[in-house]
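Structural overview
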Amino acid sequence: MKEKITGSEALMRALQAEGVKTIFGYPGGTIMPVYDALYDYTRGERKCFDHILVRHEQGATHAAEGYARVSGDVGVALVTSGPGATNTLTGVADAMMDSTPMVVIAGQVPISALGTDFFQEVDLVGAAQPISKWSYQIRHAGDIAWAVSRAFYIARSGRPGPVVLDFPKNAQVEEVEWELQKVDFIRSYVAYPKLDDAKVREAAELINNAKRPLALVGQGVELGNAQEELKAFLEKADIPAGRTMLGLSALPSNHPLNVGMLGMHGNYAVNLKEQECDVLIAIGMRFSDRVTGNLKTYAKQAKIIHLDIDKSEIDKNVKTDVAVIADCKESLPAIMALLHEGDHREWRDSFKVLDEKERTKVIEPAIHPTQGPLLMGEVVNAIAEQAPKGTVLVTDVGQNQLFATRYFKYEQERSICTSGGLGTMGYGMPAAIGATFATNRTVCCFMGDGGFQMCIEELGTIMEQQSPVKMILMNNNYLGNVRQWQDMFWQHRKSFTKMHNPCYELIARGYGIPYEAVTDRKDLASAIKKMLTTEGPFILECAIKEDDDVLPMTPPGMNVDEMMLEV
């Protein structure tokens, strides 16, 4: 006779079977039976999970995202029903846009009460369905083993993404005969498309005949763990490569074929060269509007090769000439095997004149100013110079994100954690917490004063866990990115972007977190050293020039090669 256990105990065993180590959560009424079962699994001889008590359910999802992005494993968030569940939806949408593997498990009222407007009842499955890979309600304890295994399989396979499990209270307390189930196939779900050899040959032929090839590297390379395959591919064919914001650590910053970051605030040369290349190879990226600018004029001179695991991305924004639909860990070596040894030195050298123009007009003034208030680029560059090798960059959203991603250095894979597609302010601090549970590497989290205050409650989590997050608060007393757009495109009408900020030193003291403020650049290097050598968390507040602008910039709706180097 099989062992009988409660649904809550079955959930614990199912999570254990999936290799879960860390859970980010917040308890409440309808998830209480699960938390009672969790008690025995977080202490003593039976301990197999670390549970991190966040201070807000949105923080649980962003922490799970940070954990997933850095570890490569599925992040897990555990919350209650009603507002607890709806508070996770921003994180679910964020994970969906950025292809982050995550499973959210939320309590729900008993199925006998569904539809009665029971206390803290909400249709979570309906709300989550359009912003998740799969959402499902576990109505009976007998469905738990199957549903959890299926959820993790969907979340981590193919193009990763978030899955939401709605868990009514009756299923948590019912008894069930325990039997482990393993889902590794779903008839209607093709996680890994079969590689088309004909398309591989077509792609290789175009690349072999190219005079001015350019690769666009996205996060799909990291999601597919294909960093080494990418380097081998690029090096054999001698192809310069730009990287999307989420794909920045797929290729080391110092790699000779790296030609910078793509996009609205990316590097000057690579954006202009998208309009000159004859073959453009997109690898694990989705042609975001922030990369392409005006689609009507984007790369019309080039043959487009698109490597992606998700068929729905093909021709969605940019019409392709050859689409290779497969995991890039499989497609890159297959194409590389057919490539000739390339030599595109003349083409690569043509980037250098534009690089020097950007360095003279933008980069040097941004990172090595000689007078005036501190600049964001200067702070990021100074930290990048002192940070240990392999440091993980986490950012919030806004100017802090754009400066940080531009001027940080990427030496190791899975070294960037930022909200790309959804652009979620408040993402940074909880994502950094999650990252610290995924790695022993240094984690530096850059935030503006706006984003810092959107997630300020998670300082409580950092305090309790002593998470070694190095928080860099770049305070310009503005919602800086919106202010920049207001100055550039709205006749300097600064409508509600000025911030009246609290005393962050007192806040840091209240949470018992070491703090240092820098207002003069002569003190910056020593303050950074103190932050990086202090054990545990640290807040470094930097007083930033209020009208510091992120440049270069391709104005919205403009052609990708119409980048502004100055305002």
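First things first, this report covers the structure right here in the doc. (Residues numbered from 1 in each chain as written. Predicted model: local features only at pLDDT ≥ 70, side-chain atom pairs only at ≥ 80, totals over all residues. Heavy atoms only, no water.)

**Section: the side chain of Ser331**
Relative to the elements of secondary structure, Ser331 occurs in helix H14 (residues 328-336). Of the residues examined, Ser331 reaches a relative accessible area of 0% and is grouped as buried. In this structure Ser331 touches Leu195, Leu307, Val324 and Ala326, once residues within four positions along its chain are discounted. (Helix = DSSP H or I, 4+ residues; strand = E, 2+ residues; numbered from the N terminus. Buried < 20%, exposed > 50% of the residue type's maximum accessible area, 1.4 Å probe, protein only. Contact = heavy atoms within 4.5 Å.)

**A word on the nonpolar core**
Core analysis: the biggest nonpolar cluster contains 66 residues, and Leu280, Phe287, Tyr298, Ile383, Phe408 and Phe446 have the highest contact counts within it. Sorting elements by how many residues they give to this core places helix H15 (residues 345-367) first, with seven residues. Excluding residues that lie within four positions of it along the chain, Ile383 makes contacts with Phe408, Cys444, Phe446, Ile472, Ile528 and Met531. Counting 42 residues, the second largest nonpolar core, distinct from the first, contains Leu15, Val103, Ile144 and Ala145. (Core = buried A, V, L, I, M, F, W, Y, C linked by side-chain atoms within 4.5 Å.)

**Details of the pairing of strand S6 (residues 134-137)**
Two strands pair when backbone bridges link them, and S6 and strand S7 (residues 162-168) are joined in this way by four bridges, in the parallel orientation. Paired with Trp134 across the two strands is Val163, which belongs to S7. Following the backbone out of S6, through helix H7 (residues 144-156) and into the adjacent parallel S7, one traces a crossover that is right-handed. (Pairing = 2+ DSSP bridges. Right-handed = clockwise from strand over helix to strand, strands pointing away.)

**Focus on the pattern of salt bridges**
The full count for this structure, using the stated rule, is 33 salt bridges. One salt bridge in this structure joins Glu179 and Lys2, with 2.7 Å as the shortest N-O distance. Note that Glu179 is positioned in the loop between strand S8 (175-177) and helix H9 (197-208) and Lys2 in the segment before strand S1 (4-6), a separation of 177 residues in sequence. According to the relative accessible area criterion, Lys2 is partly exposed, its value standing at 43%. For the salt bridge of Lys494 with Asp487, the shortest nitrogen-to-oxygen distance reads 2.9 Å. Here the residues in one salt-bridge network are Glu3, Glu9, Arg13, Asp40 and Arg46, joined through shared partners. (Salt bridge = Lys/Arg side-chain N within 4 Å of Asp/Glu carboxyl O.)

**Observations regarding the packing of helix H3 (residues 57-71) against helix H5 (residues 89-97)**
The packing of two helices is summarised by the inter-axis angle and the distance between the axes. Two elements in contact, H3 and H5, have axes whose closest approach is 7 Å; the angle formed by their N-to-C orientations is 25°. Judged by the inter-axis angle, H3 sits roughly parallel to H5. In this structure, H3 uses Gln58, Thr61, His62 and Glu65 to contact H5, whose residues at the interface are Thr90, Gly91, Asp94 and Ala95. (Axes fitted to C-alpha atoms, helices over the stretch in contact; angles between N-to-C directions. Parallel < 35°, antiparallel > 145°, perpendicular 65-115°, else oblique.)

Purely geometric stuff here, so don't read any function into it on its own.
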